[in-house]
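Geometric and topological summary
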Amino acid sequence: MFSKETYIRRRAELKRLVGSGTIVLFGNNDAPANYPANAYAPMRQDSSFLYYFGQHREGLVGVIDIDNDEEWLLGDDIDIEDIVWMGFVPSVADLAAEVGITKTAPMAHLRQLCCNSVAAKKAIHFLPPYRHDTKIQIMDLLGIHPSQQKEAASLDLIKAVVKMRSTKEPQEIAAIERACDVGYEMHTRAQRLISKGITERYIGGQVDGIARSLAQGVSFATIFTQHGEIMHGCPSDAKLEDGRLALCDAGCELDDYCSDNTRTMPVNGKFSQKQLEIYSIVEECHDYVLEVAKPGVKYADVHFAVCRLMAERLKELGLMKGDVDEAVRAGAHAMFLPHGLGHMMGMDVHDMEGLGQIYVGFDDETRPNLEQFGTNCLRMGRRLQEGFVVTDEPGIYFIPHLIDLWRSQGLHKEFLNFDKLEQYKDFGGIRIEDDLLITADGCRFMGTKRIPYHPDELEEFMLPF
């Protein structure tokens, strides 16, 4: 939690941006795992509620009546039965005082506040809900069916929250830096453990353990797999095999802010020539972002600059052919890179994605291309601003089913060498990812330590010690 003044200032700015009406920000509740008393732990608070109200306790709702200049924290105090099992919890009034709010009431009062706004013909602003209990609560309060709530969510509130949360304050940047430092410990633990015969699940569990020991936990489900061509490959019971590549995509949450890094390592600690050729392309693309990403530049342009560089290098290897610019315009590069260069990051690892990517990663000037394969997965395209935090995560993947499909269709045959692609069907995939802070005149990677990724230093780091 930041200072009381932080949350007072943020709510004041939110009121200014939205202008009028009543803002209702729902906190999260405990979510049962497999029966009511066995909840997923620890409870993860809603990020926008945290941003404006700062409290982690379940069962809270924040209300901001802009026109009457009133701010409420609503929730039921914990009774003695819960205190016996879970320990003492401050009252709702005490929690409210910590973030500069004087008005509190039990949760039942939320209905009256909503009724007052409706009677006064004032807009009630809420964000798109993503949990079913919140959807039911909105339906009970406002009579809006869950199937219609995404469309009924307040665009004014969405745009205001995106505007505020996109540009990170110095204290937020410091929190992300701390999370990145834990990310260093997570990834270097994996790099030290990788060896023939150990299971993916074991290393994935060790990575998760670091996040739970040094931070609040993981920022998303850890990816650790020898099948790097599968974007979200979960750790399995498969044993690591000599000659394969292992991809680790993992991050943590610390002080409510995230890290997100990816490294790809040779299981035997030494890249083969074939692996090194592909890895070096990804490494060059990853580092090239440092040269071109800066305030005022569209991240979509950075993405396509990376795609052109990647296509040039793949053409040198004989995997692509023809005019590079034409190939990228046609989308042929998506055979190898079927996702975007990166995404916003902050309190959520895909920051604010639940508010709608069209508002977070795009704007009135920069619109997504939803028709072209690969480009339709670009999450971030808008102009960069100082204080933005985005991921830089180029990759090259050889996906057997995609190779077979495009070959059978003759798709992009003027740009792709399908005969040579056949030789890479068992290659897997490579991704290198770091978190990027946009500065006044450029950008820099976050975290005080850099997880080894240059081939020489990575191979040296992985040597038995």
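Scroll up for the structure.
Only a predicted model underlies this, so the values are computations on that prediction, with no experimental measurement involved.

**Section: the pairing of strand β13 (residues 261-266)**
Most of β13 is tucked away: 6 of the 6 residues are buried. Burial along β13 is two-sided: Asn 261, Arg 263 and Met 265 facing one way and Thr 262, Thr 264 and Pro 266 facing the other are all buried. Where strand β10 (residues 245-250) lies against β13, 6 bridges are found, and the strand directions are antiparallel. Counterpart to Leu 247 in the pairing with β13 is Thr 264.

**Here we look at helix α10 (residues 200-214)**
Here α10 spans 22 Å end to end across 15 residues, near enough to the 21 Å set by a 1.5 Å rise per residue. Listing the buried residues of α10 in full gives Glu 200, Ile 203, Gly 204, Val 207, Ile 210 and Ala 211. All buried residues of α10 fall inside an arc of 115° around its axis, so they share one side. For α10, exposure combined with an orientation more than 90 degrees from the buried face picks out Arg 212 and Ser 213.

**Some words on unusual backbone geometry**
Put simply, Ala 41 and Pro 42 share a cis peptide bond, and its omega is -5°. Counting through the fold element by element, Pro 42 comes out in the loop between β3 (38-39) and α2 (47-53). A positive phi angle is found at Met 352, which is not glycine, with a value near 65°. Structurally, Met 352 can be placed in the loop between α13 (324-330) and α14 (357-360). Relative accessible area serves as the criterion here: at 1%, Met 352 is assigned to the buried category.

**Observations regarding the packing of aromatic side chains**
According to the stated counting rule, one finds 9 aromatic pairs in the structure shown. Ring geometry for Phe 49 against Phe 53: centres 5.3 Å apart, planes inclined by 15°, an arrangement best described as stacked. In this pair, Phe 49 and Phe 53 both sit in helix α2, 4 residues apart, roughly one turn of the helix. With a centroid separation of 5.8 Å and an interplanar angle of 80°, the aromatic rings of Phe 336 and Phe 398 are classed as edge-to-face. Residue Phe 336 is located in the loop between α13 and α14, and its partner Phe 398 is located in the loop between β15 (395-397) and α15 (400-409); the two are separated by 62 residues in the primary sequence. A residue is classified by how much of its surface remains accessible, and Phe 336, at 1% relative accessible area, is buried. Through a chain of ring-to-ring contacts, three or more aromatic side chains come together here, namely Phe 336, Phe 398, Tyr 424 and Phe 427. Residue placement shows Arg 10 over the ring face of Tyr 51; its charged tip is 3.8 Å from the ring centre. The ring of Phe 53 has Arg 11 sitting right over it, with the charged end atom 5.5 Å from the ring centre.

Rules used in this analysis
Residues numbered from 1 in each chain as written. Predicted model: local features only at pLDDT ≥ 70, side-chain atom pairs only at ≥ 80, totals over all residues. Heavy atoms only, no water. Buried < 20%, exposed > 50% of the residue type's maximum accessible area, 1.4 Å probe, protein only. Helix = DSSP H or I, 4+ residues; strand = E, 2+ residues; numbered from the N terminus. Pairing = 2+ DSSP bridges. Expected span 1.5 Å × (residues − 1). Arc of directions from axis to C-beta. Phe/Tyr/Trp six-rings, centres within 6.5 Å; stacked < 30°, edge-to-face > 60°. Lys NZ or Arg CZ within 6 Å of the ring centre and 35° of its normal.

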